[in-house]
Amino acid sequence: TSKSQVAKKLGIHFVEEKVKNKKVKQLKGSIACKGFAKGYVRILMGHRQIHLMQKGEILVSPMTIPDFLPAMKKAAAFVTEQGGITCHAAIVAREMCKPCIVGTRVATKVIRDSDYIEVDANIGFVRIIRTNILTK
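As a starting point, this report considers the structure included with it. (Residues numbered from 1 in each chain as written. Predicted model: local features only at pLDDT ≥ 70, side-chain atom pairs only at ≥ 80, totals over all residues. Heavy atoms only, no water.)

### Some words on the overall build of the chain
- Counting its regular elements, the chain contains four helices and eight strands.
- Starting at the N terminus and walking to the C terminus, you meet the elements of the chain as α-β-β-β-β-α-β-α-β-α-β-β.
- Across the 136 residues in the chain, those meeting the buried criterion constitute 47%.
- Intrachain contacts of the chain at a sequence separation of at least 6 include 50% that bridge at least 24 residues.
- Carbon and sulfur atoms make up 56% of the accessible area of the chain, which totals about 7400 Å². (Helix = DSSP H or I, 4+ residues; strand = E, 2+ residues; numbered from the N terminus. Buried < 20%, exposed > 50% of the residue type's maximum accessible area, 1.4 Å probe, protein only. Contact = heavy atoms within 4.5 Å. Areas by Shrake-Rupley, 256 points an atom, 1.4 Å probe, with all protein chains shown as cover.)

### Brief notes about the environment of C33
- As for its placement among the helices and strands, C33 is situated in strand 2 (residues 30-33).
- Taking the relative accessible area as the measure of exposure, C33 reaches 13% and is therefore buried.
- Once the C-alpha coordinates of C33 and I101 are considered, the two residues, 68 residues apart in sequence, prove to be 7.2 Å apart.

### Observations regarding the nonpolar core
- In this structure, L59, M72, F78 and C100 are the most contacted members of the largest nonpolar core, which totals 21 residues.
- L59 has contacts with R42, L44, M53, T64, A71, M72, A75, A77, F78 and V79, leaving out every residue within four places of it along the chain.
- Judged by nonpolar contacts, the second largest core, of 18 residues, contains A107, I117, V126 and I128. (Core = buried A, V, L, I, M, F, W, Y, C linked by side-chain atoms within 4.5 Å.)

### Let's talk about the side chain of T64
- One can find T64 in the loop between strand 4 (58-61) and helix 2 (69-74).
- According to the relative accessible area criterion, T64 is buried, its value standing at 4%.
- Within polar-contact distance, the side chain of T64 engages the side chain of H88 at 2.7 Å.
- One polar contact links the side chain of T64 to the main-chain amide nitrogen of A89, over a distance of 3.1 Å.
- For T64, the contacting residues outside a window of four places in its chain are L59, M72, T80, H88 and A89. (Polar contact = N/O pair within 3.5 Å; in protein donor to acceptor, adjacent residues only side chain to side chain.)

### As for helix 3 (residues 88-96)
- Along helix 3, the positions that sit buried rather than exposed are A89, A90, V92 and A93.
- Backbone geometry just after helix 3 places C97 at a positive phi near 55°.

### Observations regarding the packing of aromatic side chains
- Applying the stated rule across the entire model yields one aromatic pair.
- Over the ring of F125 we find K28, and its NZ or CZ is 4.8 Å from the ring centre.
- Seen from the ring of Y116, R130 lies directly overhead, with NZ or CZ sitting 5.1 Å from the centre. (Phe/Tyr/Trp six-rings, centres within 6.5 Å; stacked < 30°, edge-to-face > 60°. Lys NZ or Arg CZ within 6 Å of the ring centre and 35° of its normal.)

### What about the sheet that holds strand 6 (residues 100-102)?
- Across the sheet, which stays open at both edges, the eight strands sit in the order 1-8-7-3-4-5-6-2 with mixed pairing between neighbours. Looking at the sheet topology across the chains shown, the edges are occupied by strand 1 (26-28) and strand 2. Going from strand to strand, the sheet's axes swing by 30° on average, the running direction of each strand aside.
- The pairing of strand 5 (residues 77-80) with strand 6 spans two bridges and is classified as parallel. Counterpart to V79 in the pairing with strand 6 is I101.
- Where helix 3 meets the sheet, its contacts fall on strand 2, strand 5 and strand 6, and the angle it forms with strand 5 comes to roughly 170°. (Pairing = 2+ DSSP bridges. Axes fitted to C-alpha atoms, helices over the stretch in contact; angles between N-to-C directions.)

Written out as structure tokens, the structure reads:
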């Protein structure tokens with residue numbers, strides 16, 4: 001399932017933002033569930049990628065949907081581009097007591113699979129600690 005298929009299915013519209021500085025090292029978003037986690041990134045763009053999620057990875061996605069629950073159980077934290085404190089990712093994060101930052105707007109454009117990041121959901125920042133140059 002692609003991002004456009006998810007949008008069509010759910011009747012939503014994603015607003016694409018251009019990232020001017022590709023060397024962004026920190027993102028800000030809304031705190032959906034407080035906490036702190038460090039780990040390797042797993043980008044999920046659709047439910048067909050759920051099987052790739054490994055225990056302890058940080059789930060990064062434009063948004064989450066109920067199909068993502070198996071991956072969310074394995075994740076150490078969630079980071080999404082879309083949503084607010086009442087979105088799916090936020091509700092699940094609070095239920096699972098996992099750090100979650102939503103509404104970063106450009107997370108999947110700046111962060112890549114296997115980057116090592118920290119999610120500081122106590123202050124609302126995602127920091128890229130080490131990038132995986134093989135995926136850039």
